[in-house]
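# Structure at a glance
One-letter residues, chain by chain:
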Amino acid sequence: MSPQFKDLKKTLDKLVIKYEKPAFIPADPISIPHRFSKKEDIEIAGFFVSIFAWGNRTAILKSADKLMELLQNRPHEFLTQSTQAQLKTISTFYHRTLNGEDSLAIAKAIRRIYLSGSNFEELFKAKNPEEPLINRMSRFRKEFIKNMEPHNIKHIADMEGGSAAKRLNMFLRWMVRSNDKGVDFGLWKSIKPSELYLPLDVHCARRGRALGLLTRKQNDRKAVEEITGCLKEFCPEDPAKYDFALFAPEVEKALAER
């Protein structure tokens, strides 16, 4: 590792220590699954919220509050035990490009998975010890969108098809990374933190390019692989922890300007 990258690693490690703290949870979409203690509720709330977690954070959290109200603040029980008429109330939920029909289709897909006796983690489990995470993400997507109309699937990104899949990678970070700092949940043991990709959004990409961690101009799968590869040189066992170093300073700045 070059002296320049050694210095950068030290800087990023300090930022991770600064920002991976419960104090930053209330301003982040991860605050929504943190309302729950039941594993299934955490998974469902985390996945549903991650789907529309882009743009203005205040608006995201306001919409998430409305969604949790529609789910009667018991996501797993509501989705698995509600009548069809009750379930249809989800069609009143929308956020930016996520419309009511999309919301209902996502709710039905989640319901189908849990009523089949499966769950989110089960769908991401490797078929063999060598199967890469990106293949498992693609397999999850195929299963999840199985009964959806073509116009409803745009919110479930396909990283294997070239997308950065920021929101899905963020959800996986929440579920997989250790909860020893009180932020992520560490619920899933079938995926190793070393397998995770950086959730690449415009903030992380901009800072990544400024720091020399990313040269690719498009924010796509190749960019995710490039920047995650660089971060693995800093911490092979947990490259996604640098999400805190690359993204959280932008959040703090935005909060200070409110």
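For the structure, see preceding data.
In this text the structure is predicted, and so the values were computed from the model without any measurement.

### Things to note about the packing of helix 2 (residues 39–51) against helix 9 (residues 166–176)
- In the contact formed by helix 2 and helix 9, the axes pass within 9 Å of each other and the chain directions differ by 155 degrees. In this view, helix 2 runs roughly antiparallel relative to helix 9, as classed from their interaxial angle. Classified by chirality, the crossing of helix 9 by helix 2 is right-handed. Mapping the contact onto sequence places Ile42, Glu43, Gly46, Phe47, Ser50 and Ile51 in helix 2 and Arg167, Leu168, Met170, Phe171, Trp174 and Met175 in helix 9.
- Of the residues that constitute the contact of helix 2 with helix 9, the class distribution is eight nonpolar, two polar and two charged.

### Side note on the packing of aromatic side chains
- Per the counting criterion, the structure on display carries 15 aromatic pairs.
- Ring centres 4.7 Å apart and planes at 35 degrees place the aromatic pair Phe47 and Phe120 in the tilted group. In this pair, Phe47 is assigned in helix 2 and Phe120 in helix 7 (residues 120–124), connecting sequence segments 73 residues apart.
- Under the relative-accessibility criterion, Phe120 is labelled buried at 0%.
- One aromatic cluster is present, built from ring pairs that chain together Phe47, Tyr114, Phe120, Phe124, Phe140, Phe144, Phe171 and Trp188.

### Points about the packing of helix 2 against helix 6 (residues 100–115)
- Where helix 2 contacts helix 6, the two axes come as close as 12 Å, and the packing angle between them is 150 degrees. Between helix 2 and helix 6, the angle is such that the two are roughly antiparallel. With respect to the hand of their crossing, helix 2 and helix 6 are arranged in right-handed fashion. Here helix 2 contributes Glu40, Glu43, Ile44, Phe47, Phe48 and Ile51 to the contact with helix 6, which in turn contributes Ser103, Ile106, Ala107, Ile110 and Tyr114.
- Taken together, the residues that form the contact of helix 2 with helix 6 break down as eight nonpolar, one polar and two charged.

### Observations concerning the pattern of salt bridges
- Under the defined criterion, the tally for this structure stands at 21 salt bridges.
- One salt bridge in this structure joins Glu121 and Lys39, with 3.6 Å as the shortest N-O distance. Of this pair, Glu121 sits in helix 7 while Lys39 sits in helix 2, and the two are 82 residues apart along the sequence.
- Take Glu121: its relative accessible area is 12%, and that puts it in the buried class.
- Of the residues examined, Lys39 reaches a relative accessible area of 28% and is grouped as partly exposed.
- Salt-bridge contacts for Glu143 lead to Arg112; the nearest nitrogen and oxygen are separated by 2.9 Å. Taken together, the residues Glu143 in helix 8 (residues 133–144) and Arg112 in helix 6 connect sequence positions 31 residues apart.

### Quick word on the nonpolar core
- Ranked by size, the top nonpolar core spans 86 residues in total, and within it Leu12, Phe47, Ile110, Phe120, Phe144 and Leu213 carry the most contacts.
- No other element matches the eight residues that helix 6 contributes to this core.
- Setting aside residues up to four positions removed in sequence, Phe47 forms contacts with Ile110, Phe120, Phe140, Phe144, Ile156, Leu168 and Phe171.

### Digging into the side chain of Thr80
- Considering the arrangement of structural elements, one finds Thr80 in helix 4 (residues 75–81).
- Residues contacting Thr80, with those up to four places away along its chain left out, are Arg111, Tyr114 and Leu115.

### Structural notes on helix 6
- Look at helix 6: 22 Å from first C-alpha to last across 16 residues, which is about the 22 Å you get at 1.5 Å a residue.
- The buried fraction of helix 6 is high, at 12 of 16 residues.
- Buried residues belonging to helix 6 abut helix 2, helix 4, helix 5 (84–87), helix 7 and helix 8.
- One side-chain oxygen of the residue at the start of helix 6 lies 3.1 Å from the amide nitrogen of Glu101, identifying that residue as Asn99.
- Gly117 sits one or two residues past helix 6 and shows a positive phi near 95 degrees.

### A few points about the environment of His203
- Looking at the element boundaries, His203 is found in helix 10 (residues 202–210).
- Considered as a pair, His203 and Phe247 are 44 residues apart in the sequence and their alpha carbons are 6.0 Å apart.
- Of the polar contacts made by the side chain of His203, one reaches the side chain of Arg206; its length is 3.3 Å.

Calculation rules
- Residues numbered from 1 in each chain as written.
- Predicted model: local features only at pLDDT ≥ 70, side-chain atom pairs only at ≥ 80, totals over all residues.
- Heavy atoms only, no water.
- Axes fitted to C-alpha atoms, helices over the stretch in contact; angles between N-to-C directions.
- Helix = DSSP H or I, 4+ residues; strand = E, 2+ residues; numbered from the N terminus.
- Parallel < 35°, antiparallel > 145°, perpendicular 65-115°, else oblique.
- Left-handed = near helix turned anticlockwise from the far one by under 90°.
- Contact = heavy atoms within 4.5 Å.
- Nonpolar A, V, L, I, M, F, W, Y, C, P; charged D, E, K, R; others polar.
- Phe/Tyr/Trp six-rings, centres within 6.5 Å; stacked < 30°, edge-to-face > 60°.
- Buried < 20%, exposed > 50% of the residue type's maximum accessible area, 1.4 Å probe, protein only.
- Salt bridge = Lys/Arg side-chain N within 4 Å of Asp/Glu carboxyl O.
- Core = buried A, V, L, I, M, F, W, Y, C linked by side-chain atoms within 4.5 Å.
- Expected span 1.5 Å × (residues − 1).
- Polar contact = N/O pair within 3.5 Å; in protein donor to acceptor, adjacent residues only side chain to side chain.

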